[in-house]
Amino acid sequence: QVQLVESGGGLVQPGGSLRLSCAASGSIVSENAMGWYRQAPGNQREWVAHSTRGGSTNYADSVKGRFPVSRDNAKNTVYLQMNSLKPEDPAVYYCNALPNFVNWGPGPPVTVSS
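Right, let's walk through the structure included here. Computed from a predicted model, the values in this text were never measured in an experiment. (Residues numbered from 1 in each chain as written. Predicted model: local features only at pLDDT ≥ 70, side-chain atom pairs only at ≥ 80, totals over all residues. Heavy atoms only, no water.)

Right, let's talk about the sheet that holds strand 8 (residues 77-82) for a bit. Ordered by their spatial adjacency, 4 strands build an open sheet running 1-3-8-7, and the pairing between neighbours is antiparallel. The open sheet is flanked by strand 1 (4-7) and strand 7 (69-72), the only strands paired with a single partner. Neighbouring strand axes in the sheet, compared pairwise and without regard to direction, differ in orientation by 20° on average. Bridge analysis of strand 1 against strand 3 (residues 18-24) gives 4 bridges, and the strand direction is antiparallel. Bridge pairing in strand 3 links Val5 to Ala23. (Pairing = 2+ DSSP bridges. Helix = DSSP H or I, 4+ residues; strand = E, 2+ residues; numbered from the N terminus. Axes fitted to C-alpha atoms, helices over the stretch in contact; angles between N-to-C directions.)

Structure (structure tokens):
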């Protein structure tokens, strides 16, 4: 069970950008993929995007074209660059390993407000 620490959340205006980081205590290339999830108040946790160790990425339709995922294997860190933030994007964001999840961390909240 690796430790995952998300950071980079905060408040941003609609249309703005924010980058989230997920630092792992172990090698992220040991996992098939690293993924990003989010959960808004009153909503279920949903998958947002993921990056495989082979270098491919996949995105939910809601964020496709706006939230590119990248990774730095040497730093054991995966990133979620959130661009063109919309009112439906505020949530607590989490990262995790796919398909074998570890315990969910606290996650950084992302707030979109003018």
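There's plenty left to go through after this.
A few words on the sheet that holds strand 10 (residues 109-112). Pairing within the open sheet is mixed, and its 6 strands lie in the order 2-10-9-4-5-6. At either margin of the open sheet sits one strand with a lone partner, and together these are strand 2 (10-12) and strand 6 (57-59). Along the sheet, successive strands turn relative to each other by an average axial angle of 25°, direction set aside.

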